[in-house]
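Survey of secondary and tertiary structure
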Amino acid sequence: MDTITALFYVFSSVLLFAAFRVITARSTVHAALFLVLAFFSASCIWMLLRAEFLAITLVLVYVGAVMVLFLFVVMMLDINSDEFRKGFWQHMPLAGLVGALIALQMALVLSRGFDLTAPPASARALELGNTKMLGIEIYTQYLYPLQLAAVLLLVAIVAAIALTLRERKDSRHMDAGQQVRASKADRVRIVKMQPTVEAPSLPKAPPPAPAAGAAPAAPAPGPAPKTGGAA
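This section reports on the structure supplied with the text. On a predicted model such as this, the values are computed, not experimentally measured, just so you know.

Our next topic: the overall build of the protein chain. A count of helical and extended segments in the protein chain gives nine helices and zero strands. Counting from the amino terminus, helix and strand elements in the protein chain follow one another as α-α-α-α-α-α-α-α-α. Here the protein chain holds 231 residues, and the buried ones make up 10% of them. Summarising the internal contacts of the protein chain: among those between residues at least 6 apart in sequence, 58% fall at separations of at least 24. About 20900 Å² of surface is accessible on the protein chain, with carbon and sulfur atoms providing 68% of the total.

Another aspect to go through is the environment of L33. Locating L33 in the fold gives a position in helix 2 (residues 28–48). Here L33 falls in the partly exposed class, since its relative accessible area comes to 45%. The sequence separation of L33 and M67 amounts to 34 residues, and the corresponding C-alpha distance is 8.5 Å.

Attention shifts here to the packing of aromatic side chains. Across all of its chains, the model carries three aromatic pairs by this definition. Plain terms: the ring middles of F8 and Y9 are 5.8 Å apart, the flat faces sit at 70° to each other, and that makes the pair edge-to-face. Given the relative accessible area of 36%, F8 is considered partly exposed.

Below, the discussion takes up the environment of E52. Within the element layout of this structure, E52 appears in helix 3 (residues 52–77). Overall, the relative accessible area of 33% leaves E52 in the partly exposed class. Excluding residues that lie within four positions of it along the chain, E52 makes contacts with M47, N130 and T131.

On to a nonpolar patch on the surface. On the surface, a cluster of nonpolar side chains totalling about 780 Å² of accessible area is made up of L94, L97, V98, L101, I102, M106, V109 and L110. Here V98 is to be found in helix 4 (residues 92–115). Given a relative accessible area of 42%, V98 falls into the partly exposed group.

Attention now moves to helix 1 (residues 3–24). For helix 1, with 22 residues, the first-to-last C-alpha span of 32 Å sits near the 32 Å given by 1.5 Å per residue. Considered for burial, the residues of helix 1 that qualify are S12, A18, V22 and T24. Where helix 1 is buried, its residues touch helix 2.

Of note, the phi angle at R50 is positive, near 65°, even though the residue is not glycine. Tracing the backbone shows R50 in the loop between helix 2 and helix 3. The exposure class of R50 is exposed, given its relative accessible area of 67%.

Conventions and cut-offs
Residues numbered from 1 in each chain as written. Predicted model: local features only at pLDDT ≥ 70, side-chain atom pairs only at ≥ 80, totals over all residues. Heavy atoms only, no water. Helix = DSSP H or I, 4+ residues; strand = E, 2+ residues; numbered from the N terminus. Buried < 20%, exposed > 50% of the residue type's maximum accessible area, 1.4 Å probe, protein only. Contact = heavy atoms within 4.5 Å. Areas by Shrake-Rupley, 256 points an atom, 1.4 Å probe, with all protein chains shown as cover. Phe/Tyr/Trp six-rings, centres within 6.5 Å; stacked < 30°, edge-to-face > 60°. Patch = residues over 30% accessible without salt bridge, like charges linked within 9 Å, V, L, I, M, F, W, Y side chains within 5 Å. Salt bridge = Lys/Arg side-chain N within 4 Å of Asp/Glu carboxyl O. Expected span 1.5 Å × (residues − 1).

Listed below in structure tokens is the structure:
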């Protein structure tokens, strides 16, 4: 077994393990990280097949943009995945059967394609390289389909933004135009009103306490007692 074959089996094993952990991980963040590992392993397999453009595109587009965006959205929303995973192992046998049927159909369709021998590369392709030749073909012969695909992607982006852009009723915002047009009379208004409740009477102050060492004050004289008798 040569080095390339050994690396192919190693990267394929890591890819299968990461793909299995994507659907079995309990945490959504962990599933997204395993999906990043799966993309990296697939990119390494593309590099072994000498498809450098597909390998770097897989890393830049899916890992660098799509997966990072998906990971940030999952972390910000903090979705509780326990409710979505209820009954997962109950449906696992049926899901495994469907996956095996899909793999068998793909193997039957692609089995004849693997038997074909690729034609030898031309001298121009060997001189320019795989990525440069692909760029020349895309931007010369397939320029119109490329622009059509770009327009479709732009329409999809605008439609997604329009569907998610909803006005919240509980949000508060300020209108800058109304703030600029406001005058002094609109901001402050003084109104004189008659009181509807009488002001409470103030409590009487207690008498001052006598100073230390002073004689106590004599009690105030009361009214003279009446004396009466027979004349």
